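Residue strings, one per chain:
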Amino acid sequence: MATERPSFELAKGINGLDKIILRESRNRSAEVYLYGGHVTSWKDENGEELLHLSSKAVFKPPKPIRGGIPLCFPQFSNFGTLESHGFARNRIWEVDSSPPPLPTNSSSNAYVDLILRPSEDDLKAWPHNFEFRMRVALGSEGELTLTSRIRNTNSDGKPFTFTFAYHTYFSVSDISEVRVEGLETLDYLDNLTNRERFTEQGDAITFESETDKIYLSTPAKIAILDHEKKRTFVVRKDGLADAVVWNPWDKRSKTISDLGDEDYKHMLCVEAAAIERPITLKPGEEWKGRLELSAVPSSYSSGQLDPKKVLE
Ligand code: TA6
């Protein structure tokens with residue numbers, strides 16, 4: 001259990017939007033905008049950015065920020081009648097000064113607790129009272145952890161159902177040199193063919209065209225191997241059965257106004273999510289979904305990255 005008070009700085013970000021800066025020893029840092037409860041930066045000990053932020057990201061409500069870690073809630077994509085990916089990513093969150101206790105595994109006190117409650121307008125679009133608490137923590141080994149707790153606070157006795165994703169944009173040196181390990185042989189819904197269900201064949205997942213897949217019932221650990229950087233991102237997740245893998249590639253990128261034409265070469269979204277089996281909460285019930293990201297040096301064996309070492 002963390003016993004110390006959390007330590008963070010409140011600063012002004014782009015266009016005067018409030019942001020939180022977390023700093024850990026050895027130069028590591030992370031930034032979270034209150035707009036969207038959106039992590040926009042995660043840097044390693046060399047000050048190198050590990051998340052991809054679009055070169056054309058617009059930091060102006062109501063446009064969600066393109067890149068970093070958008071939060072998709074209460075709806076992933078168009079799985080429902082709300083705006084795409086729900087509204088949590090373009091609402092102003094608050095710092096939660098007295099969150100219910102949350103055990104942490106880390107000795108770091110670089111963390112912040114945020115909270116989102118629905119506005120009157122939100123209640124018109126989605127008639128459910130909720131408290132969405134999220135802790136963003138930078139651990140002593142540089143790992144970034146996002147823990148979401150969503151509670152049904154309806155007083156009308158009604159349950160609600162939602163889908164969810166941490167829509168993480170990882171920074172990669174060259175998408176053609178990237179492999180994703182941990183999803184092979186799994187079933188997925190392909191967004192490029194009306195969410196038809198397929199089974200992944202072959203070894204690791206590599207990229208040579210537009211990819212937009214929802215992998216189902218995925219393991220708790222997924223690795224993203226960046227061959228050129230000799231770096232591996234390890235995604236650990238809890239409470240989030242699915243994993244979306246997205247890269248828009250060249251043509252589709254040109255249709256996304258806030259994404260640079262060349263950005264797709266340097267980004268990969270691997271999104272811990274709950275989509276196939278939506279979460280239902282009765283009044284008073286709470287759901288927890290945890291994402292932990294770490295960046296570790298990749299090991300080489302006969303010219304190939306050795307994913308097993310990473311996943312072990
Ligand atoms: O997570 C993948 C996805 O749902 C894609 O289908 C793609 O459209 C992407 O998210 C971006 O969505 P956005 O609403 O942020 O433009």
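Residues numbered from 1 in each chain as written. Predicted model: local features only at pLDDT ≥ 70, side-chain atom pairs only at ≥ 80, totals over all residues. Heavy atoms only, no water.

**Thoughts on the sheet that holds strand β12 (residues 178-181)**
Right, so step 1: The strand order across the open sheet formed by eight strands is β6-β7-β8-β9-β20-β17-β16-β12, and the pairing between neighbours is antiparallel. Only two strands of the sheet have a single partner each, and these edge strands are β6 (94-95) and β12.
Right, so step 2: Direction of pairing for strand β17 (residues 231-238) relative to strand β20 (residues 286-297): antiparallel, over a ladder of eight bridges. Looking at β20, one finds that Lys 237 is bridged to Leu 291. (Pairing = 2+ DSSP bridges. Helix = DSSP H or I, 4+ residues; strand = E, 2+ residues; numbered from the N terminus.)

**Quick look at the packing of aromatic side chains**
One pair of aromatic rings is described through two measures. These are the centre distance and the angle between the planes.
Right, so step 1: Scanning all chains against the criterion turns up 22 aromatic pairs.
Right, so step 2: Aromatic pair Phe 160 and Phe 162: ring centres 6.2 Å apart, planes at 55 degrees, arrangement tilted. With respect to burial, Phe 160 and Phe 162 carry one shared label: buried.
Right, so step 3: Ring geometry for Phe 164 and Tyr 166: centres 4.9 Å apart, planes at 85 degrees, overall edge-to-face.
Right, so step 4: Residue class for Tyr 166 comes out buried when judged on its relative accessible area of 0%.
Right, so step 5: Over the face of the ring belonging to Tyr 188 we find Lys 213, whose NZ or CZ atom lies 4.4 Å from the ring centre. (Phe/Tyr/Trp six-rings, centres within 6.5 Å; stacked < 30°, edge-to-face > 60°. Buried < 20%, exposed > 50% of the residue type's maximum accessible area, 1.4 Å probe, protein only. Lys NZ or Arg CZ within 6 Å of the ring centre and 35° of its normal.)

**Brief notes about the site of the ligand**
Right, so step 1: In the vicinity of the ligand, the contacting residues are Arg 66, Phe 76, Ser 84, His 85, Arg 89, His 167, Asp 212, Val 244, Trp 246, Arg 252 and Glu 271.
Right, so step 2: Within the contact set of the ligand, an oxygen atom lies 2.9 Å away from a side-chain nitrogen or oxygen of Arg 89.
Right, so step 3: Contacts to the ligand include Glu 271, whose side-chain N or O atom sits 2.9 Å from an oxygen atom.
Right, so step 4: The protein chains hide 85% of the 400 Å² of surface that the ligand would expose on its own. (Near = heavy atom within 4 Å. Polar contact = N/O pair within 3.5 Å; in protein donor to acceptor, adjacent residues only side chain to side chain. Areas by Shrake-Rupley, 256 points an atom, 1.4 Å probe, with all protein chains shown as cover.)

**Things to note about the sheet that holds strand β1 (residues 9-12)**
Right, so step 1: The strand order across the open sheet built from four strands is β1-β2-β3-β4, with neighbouring strands paired in antiparallel fashion. In the strand order of this sheet, the two ends are held by β1 and β4 (38-43), each with one partner. Taking the axes of each pair of neighbouring strands and ignoring which way they run, one obtains an average angle of 25 degrees across the sheet. (Axes fitted to C-alpha atoms, helices over the stretch in contact; angles between N-to-C directions.)

**Here's the deal with the UniProt feature "active site" (unreviewed entry) in the chain**
Right, so step 1: UniProt annotation of "active site" (unreviewed entry) refers to His 167 and Glu 271 when read in the numbering used here. These annotated residues cover 105 residues of sequence, and their C-alpha atoms all fall within 4.7 Å of one another, placing them together at a single site.
Right, so step 2: Within the fold, His 167 resides in the loop between β10 (160-166) and β11 (169-171).
Right, so step 3: With near-sequence residues (within four places) excluded, His 167 lies in contact with Gly 68, Ile 69, Pro 70, Cys 72, His 85, Trp 246, Cys 269 and Glu 271.
Right, so step 4: Among the secondary structure elements, Glu 271 is positioned in strand β19 (residues 267-281).
Right, so step 5: The exposure class assigned to Glu 271 is buried, which follows from its relative accessible area of 1%. (UniProt positions renumbered as here; feature names shortened; annotations may be inferred. Contact = heavy atoms within 4.5 Å.)

**As for the pattern of salt bridges**
Right, so step 1: Going through the model one piece at a time under the given rule, you end up with 23 salt bridges.
Right, so step 2: Lys 229 is paired through a salt bridge with Glu 48; the nearest N and O atoms lie 2.8 Å apart. Here Lys 229 is found in the loop between β16 (221-226) and β17, whereas its partner Glu 48 is found in the loop between β4 and β5 (71-72), with 181 residues between them in sequence.
Right, so step 3: Asp 122 is paired through a salt bridge with Arg 91; the nearest N and O atoms lie 2.7 Å apart. Placement of the pair is Asp 122 in helix α1 (residues 120-125) and Arg 91 in the loop between β5 and β6, with a sequence separation of 31 residues.
Right, so step 4: Each of Asp 96, Arg 117, Glu 131 and Arg 133 takes part in a single network of salt bridges with overlapping partners. (Salt bridge = Lys/Arg side-chain N within 4 Å of Asp/Glu carboxyl O.)

**Re the pairing of strand β13 (residues 187-190)**
Right, so step 1: Pairing geometry for β13 and strand β14 (residues 196-199), over four bridges, is antiparallel. Looking at the pairing, Asp 187 lines up with Thr 199 of β14.
Right, so step 2: Count of turn residues in the β13/β14 antiparallel hairpin: five residues, of which Asn 194 carries a positive phi of about 55 degrees.
Right, so step 3: Taken together, the three bridges between β13 and strand β15 (residues 211-215) define a ladder with antiparallel strand orientation. Opposite Leu 189, over in β15, you have Ile 214 as the bridge partner.

**A few points about the environment of Pro 248**
Right, so step 1: Its place among the elements puts Pro 248 in the loop between β18 (242-247) and α2 (249-253).
Right, so step 2: Relative accessible area serves as the criterion here: at 1%, Pro 248 is assigned to the buried category.
Right, so step 3: On a C-alpha basis, the gap between Pro 248 and Leu 293 in space is 22 Å, while along the polypeptide they are 45 residues apart.
Right, so step 4: In this view, Pro 248 contacts Glu 210, Ser 253, Ile 256, Leu 259, Tyr 264 and Met 267; residues no more than four positions away in its chain are not counted.

**Details of the side chain of Asp 258**
Right, so step 1: Note that Asp 258 resides in the loop between α2 and β19.
Right, so step 2: Of the residues examined, Asp 258 reaches a relative accessible area of 2% and is grouped as buried.
Right, so step 3: Excluding anything up to four places from it in sequence, Asp 258 contacts Ser 54, Lys 56, Ala 57, Val 58, Lys 63, Pro 64 and Arg 66.

**Notes on the pairing of β17**
Right, so step 1: A large share of β17 lies buried, amounting to six of its eight residues.
Right, so step 2: Here β16 runs beside β17; their pairing, made up of six bridges, is antiparallel. Pairing of Asp 226 across the sheet is with Arg 231, part of β17.
Right, so step 3: Turn length for the β16-β17 hairpin, with the two strands adjacent in sequence and antiparallel, is four residues, and the turn residue Lys 230 shows positive phi of about 55 degrees.

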